[in-house]
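Coordinates in review
The residues making up each chain are set out below.
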Amino acid sequence: MKTIQDCQTDATMLAGLLEGISKLNDIPDLANAVAAMSWVAHEKAEGLARDLEKLERQDNSPKVVA
């Protein structure tokens, strides 16, 4: 299971991908690269959302106090 630090790293990578897409989006010759990067960013975002949901469920799980 990923940790919150892993998710922070993934979020930073996703932000970098999105910034790259934004900068390349205005260059028509790079349309295929922009499309590929957009797909990768989408996959990363979905994975990050799943990981964060798992962490949230783990954090909200009942705790036994002895």
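We now turn to the structure provided with this report. (Residues numbered from 1 in each chain as written. Predicted model: local features only at pLDDT ≥ 70, side-chain atom pairs only at ≥ 80, totals over all residues. Heavy atoms only, no water.)

**Remarks on the environment of serine 38**
Put simply, the test is: Under the scheme used here, helices are H or I runs from DSSP no shorter than 4 residues and strands are E runs no shorter than 2 residues, and both carry numbers assigned from the N terminus.
For serine 38, the location among the structural elements is in helix α2 (residues 31-60). As a C-alpha pair, serine 38 and glycine 20 span 18 residues in sequence and 9.7 Å in three-dimensional space.

**Quick notes on α2**
Where we set the bar: Multiplying 1.5 Å by the residue count of a helix minus one yields the expected span of that helix. Exposure is judged per residue with a 1.4 Å probe applied to protein chains only, and the accessible area is read against the type maximum: over 50% gives exposed, under 20% gives buried, and values in between give partly exposed. We call two residues contacting when some pair of their heavy atoms lies within 4.5 Å.
With 30 residues, α2 ought to run about 44 Å at 1.5 Å a step, and its terminal C-alpha atoms sit 43 Å apart, in line with that. Regarding α2, the residues found buried are Val34, Ala41, Gly47, Leu48, Asp51 and Leu55. Structurally, α2 contributes buried residues whose contacts are with α1 (4-24).

**Some details on the side chain of aspartate 10**
In plain terms, the rule: Here a polar contact is taken to be a pair of N or O atoms separated by no more than 3.5 Å, where protein atoms must pair a possible hydrogen donor with a possible acceptor and residues adjacent in sequence count only if both atoms sit in side chains.
Relative to the assigned elements, aspartate 10 resides in helix α1. Exposure remark for aspartate 10: the relative accessible area of 13% places this residue in the buried category. Reaching out from aspartate 10, the side chain makes a polar contact with the side chain of lysine 2 at a distance of 2.6 Å. Non-local contacts of aspartate 10, meaning those with residues more than four positions away in its chain, are made with Lys2, Leu48 and Asp51.

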